[in-house]
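The primary structure of each chain is shown beneath.
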Amino acid sequence: MSEKKSRPFDLPPVWLVAMLALAWTQARHFPMGLSFGPVWADLLSGLLVGGGVLLAALAIVEMRRQQTTIHPHHDSDRLVQSGIFSRSRNPIYVGDVLILAGFILYWDAVLALPLVPIFLWVLEKRFVIPEENRLRRKFRVDFARYCEKVRRWV
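Each value, and the rule that gives it
- Residues numbered from 1 in each chain as written.
- Predicted model: local features only at pLDDT ≥ 70, side-chain atom pairs only at ≥ 80, totals over all residues.
- Heavy atoms only, no water.
- Helix = DSSP H or I, 4+ residues; strand = E, 2+ residues; numbered from the N terminus.
- Polar contact = N/O pair within 3.5 Å; in protein donor to acceptor, adjacent residues only side chain to side chain.
- Contact = heavy atoms within 4.5 Å.
- Expected span 1.5 Å × (residues − 1).
- Buried < 20%, exposed > 50% of the residue type's maximum accessible area, 1.4 Å probe, protein only.
- Patch = residues over 30% accessible without salt bridge, like charges linked within 9 Å, V, L, I, M, F, W, Y side chains within 5 Å.
- Areas by Shrake-Rupley, 256 points an atom, 1.4 Å probe, with all protein chains shown as cover.
- Salt bridge = Lys/Arg side-chain N within 4 Å of Asp/Glu carboxyl O.
- Phe/Tyr/Trp six-rings, centres within 6.5 Å; stacked < 30°, edge-to-face > 60°.

**What about the side chain of S88?**
And then number 1: Structurally, S88 can be placed in the loop between α2 (39-65) and α3 (91-106).
And then number 2: One polar contact links the side chain of S88 to the main-chain amide nitrogen of N90, over a distance of 3.1 Å.
And then number 3: Discounting chain neighbours no more than four positions away, the residues touching S88 are V94, Y146, V150, R151, R152 and W153.

Here it is, written out as structure tokens:
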């Protein structure tokens, strides 16, 4: 099992909470009079957060069903290609990004919008690419076929 022992808090939920804290702080202490508007932002925020939670839950259930790890620094026992993984190779991370975007809208954290692409970049560099490299080494041809069929994000 390959695990990064030097960084025990280097996990996607920790990064998500940090980004959420930054967005909340911006909205609370530095709103600069900016707003997304009334009703539509609240509706869209609910859809984004709900969709993000649903995506993550579907992925976690599928990974548990396949009896493989959800920990991003551990080696997978199986290449999960079924369920939500037939639509996205990284549904949990897509869900995390949707959750962040939803809360930014809900809190009217207009100036925190750049956190969305920054968070996406962090996820890709720190988690997605290393995970895919491990999967590529372990599952070789099967992973190559999976990558041809299913996109990294959506």
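**Considering α2**
Since the α-helix turns once every 3.6 residues, residues separated by three or four places project in the same direction.
And then number 1: Over its 27 residues, α2 runs 39 Å from end to end, which matches the ideal 39 Å to within 8%, given 1.5 Å per residue.
And then number 2: Taken together, the buried positions of α2 are occupied by A41, S45, L48, V49, G52, L55, A56, A59, E62 and M63.
And then number 3: Packed against the buried residues of α2 are α3.
And then number 4: Two residues or fewer after α2 comes Q67, characterised by a positive phi angle close to 55°.

**Notes on a nonpolar patch on the surface**
And then number 1: A cluster of nonpolar residues, F30, M32, L34 and L111, forms a patch on the protein surface that exposes about 410 Å² of accessible area.
And then number 2: For L34, the location among the structural elements is in the loop between α1 (12-29) and α2.

**Remarks on the packing of aromatic side chains**
And then number 1: Evaluation of the coordinates by the stated rule reveals three aromatic pairs.
And then number 2: With 6.3 Å between their ring centres and 40° between their planes, Y93 and F127 make a pair best called tilted. Residue Y93 is found in helix α3, and its partner F127 is found in helix α4 (residues 115-149); the two are separated by 34 residues along the sequence. A single burial state applies to Y93 and to F127, both of which are buried.
And then number 3: Ring centres 5.0 Å apart and planes at 35° place the aromatic pair F103 and W107 in the tilted group.
And then number 4: Looking at F103, the relative accessible area reads 26%, which means it is partly exposed.

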